[in-house]
Each structure stands twice: as C-alpha cells, then as structure tokens.
Amino acid sequence: MKCIECDIDNKLKDREANSGRCKSCGHSFAFEPTAMESISFTDLFFAKVLSEISAENSLFFTSKQFFYFLEKRLRQKKVDLFAGWTPFLGIVILLSWTLFERIGLGVGNSIIILFWLYGIPAIIILLLQRTNSKISSFQKRQLSARSLVFLGIFLIGVAIFFALNGSTEIDIIQFVLGTIFGSFSIYLGVIQEQRTKKMVKTLIIQFSLSEEWLNRWIEVNGFPEKLLLSPLQEEQTPAEISDEVSNYSFDRALICDSDEIAQFLIANNFHFEHNCAVLSVTGYPQSIFPTIMQMLRRNPDLKVFSLHNATPQGILLPHILRSQSEWFADTTVTVYDLGITPKQILKQPKISVFRSENLAEEAKNLPSEIKAQLSSEEIEWLEAGNYVELASFSPAKLLRIVTRGIANASISDRELSEGEDSQNWYNEDASYIFYSESFG
C-alpha cells in the first residue's frame, strides 16, 4: 500500500512494524485494508475519491454528496469484472468440446450432454442473478440481461447448425437442448431488461459509516479544503449585508428543499455567476434570509426556480412557493420547477433509485391537490417509498444540470412570448410552472 505523502510502497509487515506509519516518511495511514470487514480500501483510493468529487480541488461539496460519491466508487469496486464475459466463456467451452468430439480426440458424448444440462443452465442462472443484483448499476444489470439474449441467440444458432449438418444421436440431442435453452435465455433476457428499469438499489454503506471514515481521514490528514461544514455549524458565524448590497435586487431566486444543497450552490458561487439568490425553503442562510427576501420582493420581473429531491416533501416545494404568503402567494411571480420528479425518473431508469419505508408513509399523506397533479404511476412510485436525492449527483454534474435548467427555462419563456406551444409547461392558477421531461 502506497503512502499518500511520499508514494513509497509499504507492505503489511512494514505497516505493522511501524505502528501503522510509513516506513519512509513516518506519515500515518488512515485506513488498514486488512482490518476492514466487508468493504476495504486504501488511503490512496480515499484521496482519489476526494480529488474526483472536488474536480481536483476546484468545487466545494457536502458530506452527503461525498457519501453518495464514495458509495458509487465502492460499488464499482465490488462489480465482477468478468460479468460480461460469462456467455463467451461458455461459448468457447462448448465449441471446443464439440470440435474435439468431431475430430475424434474423445472428450466423450456424456461430457457434452453434462455441459448442456449443467453448464448452460449455470451460466443462465448466473446472468439472471446479476440482472437482479441491487448493488449493481443499471448499466451492469442491462448488460447481463442483454447477455442472456445474446447467449440465447447463439444457442439457437448452434441448434440450427446441428439440425442442418448433424446426423448422429448426440447432434439431435444438442439441437433439442440448444433450442430449449436458447429460447428460454432469450425470454429471460427480454423480461429482465424491462424489469431492471424499475428496480431500486440497495446502499452498500450507510451515511454514518461514511462519516466515520471521513472523520478518521480528517484526524490523520486534516480537513479537506473543499468539504463544507454542516449548515448548522456554518450558521454559527454571523453574516451581514452592507446597505449598498441590500439596495440591489436579484433577477432570479433559486429555492431549494434542503439547506445542504443551498449551501453547496452558494459555496460554489452559483448566485454570483447567475445573478440568482439562493435560499432554502427552511430559511437558509438564516443570518441574511429576511434581507434577501426583501431584495427579491422589490423586483416585479423576478423569476423563481425551485430545486428539490424526488421525495414527497420535495415535490411539494413548487406548491409551497406559489401558495404560502411568506413566499410568493398572491403575486405574479413565475415559478419554474427544476427539481427531480417521479415522472422524470420513470423515463430515465439510469438514475439510481433508493427506497425508504418512512418516505412511503409520507407519500400516502400527500395533499389531494398535489396527488391530482400526478399520474397513478407517479403516485405508486412515491407510495412504494422510492426516492432520488440531488446529493446523489456529483457536484460538477449537479451544477451543470441547474445551469442548463435555468437556460432552458429562458428559452421556453421566449417560445411562449412568441406564441409557440411548449410541452414543458402547464398552467396552475394562471401561473406557469416550468418542468422538464428529463433531469440532467
């Protein structure tokens, strides 16, 4: 294991002999892979994750974003590198045995039949299990499903070959078995390819464990420069707005359903780059929230954007902004919904979906006026406890998504002003709320 300070490789006996320190520079190792249980990694891996999530130390990120990013990297480490090669391995074995039998090298008919009866089913079952894996990505599950289809096509091809060219009893048996297993494999592949689109993922680590690892890293290597403190810790430091600045008014306001996402956007100067005030629905940042709201109310042409998770509370956000007096009720302000919706997720199965029993209960208690705006499929999705959080997108990607969403809203604004129809709009109480068919 290499030291992140001097890049010298330290074997286990070196680390043990030096009490977990580098034999060359004496720097402590934060993690000992051999002492970790189900999941293990090195300091170099952890440092690389920190570098990747911060785009080489250029972007701030929250601890929740780090958790999702680390979980994704650890998930990739657990994936079987030979997942896509299993059918090809079976093909090579089958062709080799058949060839040997035909040229008289004598593997034996019984071995060929045993392979058909046990080897091929084993490959099919293995691929089927991978399509059902809740720790694999959508792409990996789809690869396994398509491998089932490919394997089935090959087996039917083999069956046709023996039907046309075979004459012995073993050729007839291979034709029958190839047809049966090939058809079954194709059927399973087609079914599973559709089924994987609705599967949810199981987290392989919990947020608390991620926090534990992060605290250990901080203890040894110091606080990562771009890691944000929790909003509560940050708010202990008072902030003030000068009179000169308070007389200014933003053209846009972005309201988030979580303090952490608002904090993330502010830390990365989103408000400056887009002339856009960034707040959370719970009043973050508390120290300047009342002043910012006064500034926003002075702009009659203000555009408001909501940004939220695909959760019961998240999808309430646009409604809250339009209906509550402390926000923009009884105003002509236009609210554009840039958040994640169940409709978007159902159309984009590549996005990782997770499940929570608590959120399932929340979904059942959604107001009737909100449910009336959702399809039966969306309501079913929410009441199953499914959810997607904004924090699950990398910092760089989330910034791109929100920037693109604001730009797209401006384009649709122009389309409406020019009298063009747009499928990305619907009217609620004479106030247009923008939504996109896809997220990201």
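Details of the structure are given in the entry above.
Residues numbered from 1 in each chain as written. Predicted model: local features only at pLDDT ≥ 70, side-chain atom pairs only at ≥ 80, totals over all residues. Heavy atoms only, no water.

**Student:** Got a sec to walk through the pairing of strand β3 (residues 303-307)? Specific residues and values, please.
**Tutor:** Here β3 lies mainly inside the structure; four of its five residues are buried. Across five bridges, the pairing between strand β1 (residues 252-256) and β3 is parallel. When the bridges of β3 are listed, A253 appears paired with V304. Bridge count for β3 against strand β4 (residues 334-337) is four bridges, and the pairing is parallel. (Buried < 20%, exposed > 50% of the residue type's maximum accessible area, 1.4 Å probe, protein only. Helix = DSSP H or I, 4+ residues; strand = E, 2+ residues; numbered from the N terminus. Pairing = 2+ DSSP bridges.)

**Student:** How would you explain unusual backbone geometry if you had to name every residue and give the values?
**Tutor:** Look at the link from Y284 to P285: it is a cis peptide, with omega at -5°. Along the polypeptide, P285 turns up in the loop between β2 (276-280) and α13 (289-297). Residues other than glycine seldom take positive phi values, yet A55 does so here, at roughly 50°. Locating A55 in the fold gives a position in the loop between α2 (43-53) and α3 (63-78). Here A55 falls in the partly exposed class, since its relative accessible area comes to 32%. One non-glycine residue, N57, adopts positive backbone phi at about 65°.

**Student:** Kindly report on the environment of K226, identifying the contributing residues and their values.
**Tutor:** Along the polypeptide, K226 turns up in the loop between α8 (207-221) and α9 (231-234). Residues K226 and F60, spaced 166 residues apart in sequence, show a C-alpha to C-alpha distance of 4.4 Å. Once you skip the residues sitting within four places of it in the chain, K226 turns out to touch S54, N57, S58, L59, F60 and F61. (Contact = heavy atoms within 4.5 Å.)

**Student:** How would you explain the state of the cysteines if you had to name every residue and give the values?
**Tutor:** A covalent bond between the sulfur atoms of two cysteines is referred to as a disulfide. For the coordinates displayed, the defined rule picks out zero disulfides. For the unlinked cysteine C22, the closest cysteine sulfur is that of C6, found at 3.5 Å. C256 forms no disulfide, and the closest cysteine sulfur to it belongs to C276, at a distance of 8.7 Å. (Disulfide = S-S within 2.5 Å.)

**Student:** Give a description of the side chain of R322 that names residues and reports values.
**Tutor:** Among the structural elements, R322 can be located in helix α14 (residues 312-323). Within polar-contact distance, the side chain of R322 engages the backbone oxygen of F328 at 3.1 Å. (Polar contact = N/O pair within 3.5 Å; in protein donor to acceptor, adjacent residues only side chain to side chain.)

**Student:** Describe a nonpolar patch on the surface, and please don't skip the residues or the numbers.
**Tutor:** A surface patch of nonpolar side chains, amounting to about 380 Å² of accessible area, comprises I111, L114, L117 and Y118. Take I111: it is sitting in helix α5 (residues 109-131). I111 gets classed as partly exposed once you look at its relative accessible area, which sits at 31%. (Patch = residues over 30% accessible without salt bridge, like charges linked within 9 Å, V, L, I, M, F, W, Y side chains within 5 Å. Areas by Shrake-Rupley, 256 points an atom, 1.4 Å probe, with all protein chains shown as cover. Salt bridge = Lys/Arg side-chain N within 4 Å of Asp/Glu carboxyl O.)

**Student:** Go over the nonpolar core with me, naming the residues and quoting the values.
**Tutor:** Counting residues in hydrophobic clusters, the biggest one holds 60 residues, and the most contacted among them are L254, L265, F270, L296, V304, L307 and V388. Counting residues per element, this core draws most heavily on helix α19 (residues 395-417), which supplies six residues. In this structure, L265 is in contact with L254, C256, F270, H271, V278, L307 and L399, ignoring residues within four places of it in sequence. If you look at the next biggest cluster of nonpolar residues, it comprises 29 residues, including F45, F61, L203 and L227. (Core = buried A, V, L, I, M, F, W, Y, C linked by side-chain atoms within 4.5 Å.)

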